[in-house]
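The residues making up each chain are set out below.
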Amino acid sequence: MQFKRIIFSLFLLLTGLGIKAQKVQVINKPERVNWFQDLGFGMFIHWNVDVSLGAVISHSLAGASDEYVEKYISELPKFFNPEKFNPDEWAKMAKLAGMKYVVLTTKHHSGFCLFNTKTTDFNVMNTPFKRDITKEVIEAFRKQGIAIGIYFSPEDFYYFHKNRIQIGRLQLPEHFPAKNPGLMDYDKKQLQELLTNYGKIDILFIDGPGDGLREYAWSINPDLVITRDAMTTPEQTPRMSPCQDRGKLAIPWEQTGSISPPMILINQALRLSTC
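This structure is a prediction, so every number in the text was calculated from the model and none was measured.

**As for the packing of aromatic side chains**
Counted under the stated rule, the structure contains 15 aromatic pairs. Ring geometry for W47 and F85: centres 5.7 Å apart, planes at 35 degrees, overall tilted. You can see W47 sitting in the loop between β1 (40-45) and α3 (66-79) and its partner F85 sitting in the loop between α3 and α4 (87-96), a full 38 residues away along the chain. Residue classification places F85 among the buried residues on the basis of a relative accessible area of 8%. Ring centres of Y151 and F205 lie 5.6 Å apart, and the angle between their planes is 20 degrees; on these two criteria the pair is classed as stacked. Highlighted residues: Y151 in strand β3 (residues 147-152) and F205 in strand β4 (residues 203-206), separated in sequence by 54 residues. Under the relative-accessibility criterion, Y151 is labelled buried at 1%. Under the relative-accessibility criterion, F205 is labelled buried at 2%. Clustering of aromatic rings is evident, with ring pairs tying together W47, F80, F85, W90, F112, F122, F129 and Y158. In this structure, R32 packs its charged tip against the face of W35, placed 4.1 Å from the ring centre.

**Describing the pattern of salt bridges**
Scanning the model with the defined rule gives 14 salt bridges in all. The salt bridge partner of R32 is D202, with a shortest N-O separation of 4.0 Å. In this pair, R32 sits in helix α2 (residues 30-39) while D202 sits in the loop between α7 (181-196) and β4, placing the two residues 170 residues apart along the sequence. With respect to burial, R32 and D202 carry one shared label: buried. Members of the salt-bridge network, linked through shared partners, are K29, K200 and D223.

**Some remarks on the pairing of β4**
Neither face of β4 is open: one carries I203 and F205, the other L204 and I206, and all of them are buried. In the sheet, β3 pairs with β4 via 4 bridges, with the strands oriented parallel. By the bridge assignment, I150 is partnered in β4 with L204. Here 2 bridges tie β4 to strand β5 (residues 225-226), and the two strands are oriented parallel to one another. Residue L204 lies in a different strand from β5, and its bridge partner there is I226. As for the winding sense of the linkage, the β-α-β connection from β4 through helix α8 (residues 213-220) to β5 is right-handed.

Calculation rules
Residues numbered from 1 in each chain as written. Predicted model: local features only at pLDDT ≥ 70, side-chain atom pairs only at ≥ 80, totals over all residues. Heavy atoms only, no water. Phe/Tyr/Trp six-rings, centres within 6.5 Å; stacked < 30°, edge-to-face > 60°. Helix = DSSP H or I, 4+ residues; strand = E, 2+ residues; numbered from the N terminus. Buried < 20%, exposed > 50% of the residue type's maximum accessible area, 1.4 Å probe, protein only. Lys NZ or Arg CZ within 6 Å of the ring centre and 35° of its normal. Salt bridge = Lys/Arg side-chain N within 4 Å of Asp/Glu carboxyl O. Pairing = 2+ DSSP bridges. Right-handed = clockwise from strand over helix to strand, strands pointing away.

Given below as structure tokens:
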């Protein structure tokens with residue numbers, strides 16, 4: 001009986017203090033989706049440590065031998081030194097073209113980070129370039145009044161390899177952060193760095209299973225617009241009309257189409273409420 005009284009008193013105390021369970025955000029804010037749709041046109045910078053291979057970035061690791069993976073991890077960073085990197089020029093050109101937002105591949109599936117991170121040595125600071133590309137791109141585009149977006153892959157081939165998990169595209173339960181606590185913690189630490197070290201981020205493109213990561217990202221920045229993983233994002237195959245599926249509720253979407261592979265893609269985000 002005494003125990004029940006203590007519990008009841010604690011309940012009254014917490015109620016009196018106005019302590020309530022925090023509501024978890026599970027969708028984009030509607031007003032922020034409207035803002036995103038009004039942007040209409042943006043630049044997607046698709047870049048990684050393995051551009052020197054002339055292949056689709058990261059994907060050569062899937063199904064590769066351990067010898068290849070080890071060489072990829074140990075050798076490719078030694079060659080990464082983009083001497084003509086000029087984000088200020090990119091940002092000026094984007095503004096002249098009418099682009100309203102930018103998205104940079106801060107971490108593609110390979111796990112190589114184009115930002116200064118404490119989570120792994122497999123990052124741009126351990127290359128001959130030794131500069132935080134993410135920081136410089138964000139600063140350059142922000143100066144031009146262009147909204148800032150980041151691409152992030154929850155799948156991480158480097159993490160898989162180091163933890164003796166077979167590299168693949170969502171073929172094993174361990175490839176999903178929601179089923180791999182170690183990977184979830186690893187991804188969350190990287191997202192925290194990206195969402196807190198570079199000023200306010202406007203857009204997040206989660207290229208993979210985002211359960212648990214979406215909610216975490218919104219807990220840091222509730223105004224964040226998550227595109228892939230929270231809305232339709234077709235690649236290459238164009239939507240012929242924003243008014244497809246007439247008679248159904250129009251939904252926000254983002255189209256990515258390559259104009260100069262593998263470096264830059266164009267994103268479109270059109271308002272569909274006028275079908």
